[in-house]
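A structural walkthrough
Listed below are the residues making up each chain.
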Amino acid sequence: MDLNQDLGHPFVVRDFTGPLDLLLHLIRSHEMDIADIPIVPLVEQYQKYLDMLEELNLTIASEYLHMLAILLSIKARMLLPRTEHEIADPETDPRRDLIAQLLDYEKVKAAADDLHERFSLWSGVLGRPEPEGEAVLGEVSLYDLVDAFHKVLKSRKEREGPAFLPLPRPQVKDLMAHILAFLPRTGKPFPLLDILLQLKNGMEVITAFLATLELCRLQCVRLKQKGPGAEISLVYLKEIPTDLTFVEYL
Amino acid sequence: MTKEELAGIVESLLLVSTQPLTGAQVKSAVEGADDALIDEAFEELQRRFQVHSGILLQRAAAGWRLVTAPQNEPPLSRYLKMTSRQRLSRAAFEVLAIVAYHQPITLPEISAVRGANSANAVNTLLEKKLVRIVGRKKVVGKPFLFGTSREFLLHFGLNSLEDLPRVEEMDAFKTE
């Protein structure tokens, strides 16, 4: 067949998983012999495909360009005159590595298809659920932390009596020391709520929120939680560095 | 003890076990049951469940477990309010195939076979717990070595890795 003819829209834009996938598609769809790849038309088709991607404003992943470079270098080496002895020796064929890689990749694709089939067959099957069991202490998201403080602020609002006197503005620095003083040095988790409920007013709770964030940032404490919505605990890691300069937020 | 009696006991064990039940576990739980009888009991049960419509006895991850019949997935997922079924990209299946057949293997080795960067696919598989880190290769940079997990066997209905269909060995992994 004439590979140089203009096929109009010779390519289907589909999701290739990589340059090897694309090459295999080109080789198959143009009925080329994989063991004896006609390198010139293959490079041409490959380049055409990349050009088309560019026209469609799609980003071309670097590995496609890497493969283009490999193809061009093979093409260049194929143009060099070779002795009869060299032609007879398959070891010196410039296409050798690429062909081996393509054949390997073909096996991967076949195995992947097979797994896909198994997956569609078995992934809809359900076994007995694993027990909840001992929850592992997991990571705490910022939203969990905000939630915890929100809860406290709400409960504080209900308890707060009429306050008239201007209160001394709590300092993040002081609250940090205050929070850290609660934590057992053994590294045993201490419930955050127990600290917060002892605070005097909403201002202190807000400052404690900032202080907790600051302690996390300085890696003086770690936050732990048994699961979504569960109690948040603090774990002591180290003392506050003494050489810190504090920026007061409030 | 007859095969039928043991099959009854095994059925009860299966009902309460949340992990695949192994022959060894049956043996330690049932006095006087030998390996041959246990195998027969499992096979007897499997036959019984075959006539059932809703439950299957599946051989998976070196044990046996009760699972729902595949054809009942749609009503089950509605009942359990499950979001759409797990999906994997073609790239992920390729990576999984490479890991399954050539574990332990490093990310650069996987990428070399595929001719494409495979970091994203590996991360997805790690997240879905189909692939796990099994160690580090003792070469420069100590890259992680990846292997398949027990969840992989369960999700793909495999008893062991030996159940994977044989494939021709890849050139890149042929031992000299």
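Structure: see above.
Let me begin by describing the structure that accompanies this report. Remember, it's a predicted structure, so these values are computed and weren't measured experimentally.

Considering the side chain of Ser 17 of chain B
Of note, Ser 17 of chain B is situated in the loop between α1 (3–16) and α2 (23–29). A polar side-chain atom of Ser 17 of chain B sits 3.4 Å from the main-chain carbonyl oxygen of Gln 19 of chain B.

So, helix α1 (residues 19–29) of chain A
When you tally the buried positions in α1 of chain A, you get 8 out of 11 residues, the bulk of the element. Those residues of α1 of chain A lying buried are Pro 19, Leu 20, Asp 21, Leu 22, Leu 23, Leu 24, Leu 26 and Ile 27 of chain A. Buried residues in α1 of chain A make contact with α2 (39–55), α3 (62–79) and α5 (96–122) of chain A together with α5 (90–102) and α6 (107–114) of chain B. Following α1 of chain A by one or two positions, Glu 31 of chain A has its phi on the positive side, about 50°.

Quick notes on the packing of α5 of chain B against α6 of chain B
Residues and elements named next belong to chain B. Viewed as axis vectors pointing N to C, α5 and α6 meet at an angle of 115°, and their least axial separation amounts to 10 Å. Judged by the twist between their axes, the crossing of α5 over α6 is right-handed. In contact with Ala 91, Glu 94, Val 95, Ile 98 and Val 99 of α5, α6 contributes Ile 110, Val 113 and Arg 114. Taken together, the residues that form the contact of α5 with α6 break down as 6 nonpolar, no polar and 2 charged.

Points about the nonpolar core
In terms of nonpolar packing, the biggest core is built from 31 residues, with Leu 115 of chain A together with Leu 96, Ile 110, Leu 125, Phe 152 and Phe 156 of chain B touching the most fellow members. If you tally residues by element for this core, the top one is α5 of chain B, at 8 residues. One finds Leu 26, Ile 27, Met 52 and Met 67 of chain A within the second-largest nonpolar core, a separate group that totals 28 residues.

Quick word on unusual backbone geometry
Residue Pro 104 of chain B is bonded to the preceding Gln 103 of chain B through a cis peptide linkage, with omega at -5°. Note on placement: Pro 104 of chain B falls in the loop between α5 and β3 (105–106). Even without glycine at this site, Gln 219 of chain A takes up a positive phi of about 60°. For Gln 219 of chain A, the location among the structural elements is in the loop between α9 (202–217) and β2 (221–225). At Lys 129 of chain B, a residue that is not glycine, the phi angle is positive and equals roughly 65°.

About the criteria used
Residues numbered from 1 in each chain as written. Chains lettered and ligands numbered in written order. Predicted model: local features only at pLDDT ≥ 70, side-chain atom pairs only at ≥ 80, totals over all residues. Heavy atoms only, no water. Helix = DSSP H or I, 4+ residues; strand = E, 2+ residues; numbered from the N terminus. Polar contact = N/O pair within 3.5 Å; in protein donor to acceptor, adjacent residues only side chain to side chain. Buried < 20%, exposed > 50% of the residue type's maximum accessible area, 1.4 Å probe, protein only. Contact = heavy atoms within 4.5 Å. Axes fitted to C-alpha atoms, helices over the stretch in contact; angles between N-to-C directions. Left-handed = near helix turned anticlockwise from the far one by under 90°. Nonpolar A, V, L, I, M, F, W, Y, C, P; charged D, E, K, R; others polar. Core = buried A, V, L, I, M, F, W, Y, C linked by side-chain atoms within 4.5 Å.

Keep in mind these values describe shape, not function.
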